[in-house]
Amino acid sequence: MEITVRTAVERDLSSLLALYRELNPDDAALSQEAARGVWERIAAQQGRTVLVAEGGGAVVGTADCVVMPNLTRGGRGILFVENVVVAGAGRRRGVGRRLLEAVVGVAEEAGCYKVQLLAADDAYVHTFYESCGFEPRAQGFRRYLGREA
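The rules behind the values
- Residue numbers run consecutively from 1 along every chain, following the written order of its sequence.
- Local features in this predicted model are restricted to residues whose pLDDT is 70 or higher, and side-chain atom pairs enter the listing and the counts only when it is 80 or higher, whereas totals over whole chains, interfaces and linings include all residues.
- The side-chain quantities take in all heavy atoms of the structure and omit both hydrogens and water.
- For the purposes of this entry, the term helix denotes a DSSP run of H or I that reaches at least four residues, the term strand denotes a run of E that reaches at least two, and both are numbered from the N terminus.
- Between buried and exposed lies partly exposed: a residue is buried under 20% and exposed over 50% of the maximum accessible area for its type, with that area taken using a 1.4 Å probe on protein chains only.
- Where helices are involved, their axes are fitted lines through C-alpha atoms of the stretch in contact, as for all axes, and angles between N-to-C directions lie from 0 to 180°.
- Working definition: roughly parallel below 35 degrees, roughly antiparallel above 145 degrees, roughly perpendicular at 65 to 115 degrees, and oblique for all remaining angles.
- By the definition used in this description, the sense in which the near helix is turned from the far one sets the handedness, with an anticlockwise turn below a right angle giving left-handed and a clockwise turn giving right-handed.
- Note on contacts: a residue pair is in contact if any heavy atoms of the two residues lie within 4.5 Å.
- Each residue gets one of three labels, nonpolar for Ala, Val, Leu, Ile, Met, Phe, Trp, Tyr, Cys and Pro, charged for Asp, Glu, Lys and Arg, and polar for the others, Gly among them.
- Here the aromatic set is Phe, Tyr and Trp, taking the six-membered ring for Trp, and pairing holds for ring centres within 6.5 Å; pairs whose planes are under 30 degrees apart are stacked, those over 60 apart are edge-to-face, and all others are tilted.
- The directions considered for the arc run from the helix axis to the C-beta atoms.

Student: Quick question: what am I supposed to make of unusual backbone geometry here?
Tutor: Negative phi values dominate among residues other than glycine, just as trans dominates among peptide bonds. Backbone geometry at arginine 73 places phi at a positive 55°, although glycine is not the residue there. Relative to the helices and strands, arginine 73 is located in the loop between strand 3 (58-68) and strand 4 (78-86). Overall, arginine 73 belongs to the exposed group, its relative accessible area being 55%. One non-glycine residue with positive phi stands out, namely asparagine 83, at about 50°. Along the polypeptide, asparagine 83 turns up in strand 4.

Structure follows, in structure tokens:
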């Protein structure tokens, strides 16, 4: 399967929502109106890039990137990655690897000194990220607010 990675646009919204349902199947669905409003805020956010991977004529993966400006490391930013998802039918076909290569490209273009992501406590996922050049370098912590997300 030939895989192309590009910046997401509004017409990708329904595909993104389908991928996010695979990531978090227990989440309540957003209405189209609410999703469109969130998308407008995402699209307007400086330093934010949502990538989509296309294969076989469909969106089969995504990664959400946010560059955070930084006053350390010579002013070089940090790129945070969230919501990395590859559709079940697209897994083990190079989609995730191509997405992460594009993520690193976004970080390099923005002059970042590192790319950071959190991964589920899953040995397969950890092995995948390590095979893409990421290192398990720190203990992550999180605190959910309100209803656990």
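Student: Hey, could you run me through the packing of helix 3 (residues 95-109) against helix 4 (residues 123-131) in this one?
Tutor: Two quantities define a packed helix pair, namely the angle between the helix axes and the distance between the axes. Where helix 3 contacts helix 4, the axes come no closer than 10 Å and their chain directions differ by 50°. Here helix 3 lies oblique to helix 4, going by the angle between them. For the crossing formed where helix 3 meets helix 4, the hand is right-handed. In contact with Gly96, Arg97 and Leu100 of helix 3, helix 4 contributes Phe128, Tyr129 and Ser131. Taken together, the residues of the contact of helix 3 with helix 4 sort by class into three nonpolar, two polar and one charged.

Student: Which parts of the structure should I look at to understand the packing of aromatic side chains?
Tutor: Each aromatic ring pair is characterised by the separation of its centres together with the angle its planes make. Going through the model one piece at a time under the given rule, you end up with two aromatic pairs. Ring centres of phenylalanine 128 and tyrosine 129 lie 5.5 Å apart, and the angle between their planes is 50°; on these two criteria the pair is classed as tilted. For phenylalanine 128, a relative accessible area of 22% translates into the label partly exposed. Residue tyrosine 129 is classed as buried on the basis of its relative accessible area of 11%. Three or more aromatic residues joined by ring pairs make a cluster, and in this case those are Phe128, Tyr129 and Phe134.

Student: Just checking my understanding: could you explain helix 1 (residues 13-23) for this structure?
Tutor: Side chains three or four residues apart in an α-helix point the same way, a direct result of the helix having 3.6 residues per turn. Here helix 1 has its buried residues at Leu13, Leu16, Leu17 and Leu19. Along the long axis of helix 1, the arc covered by the buried residues comes to 160°, so they all point the same way.

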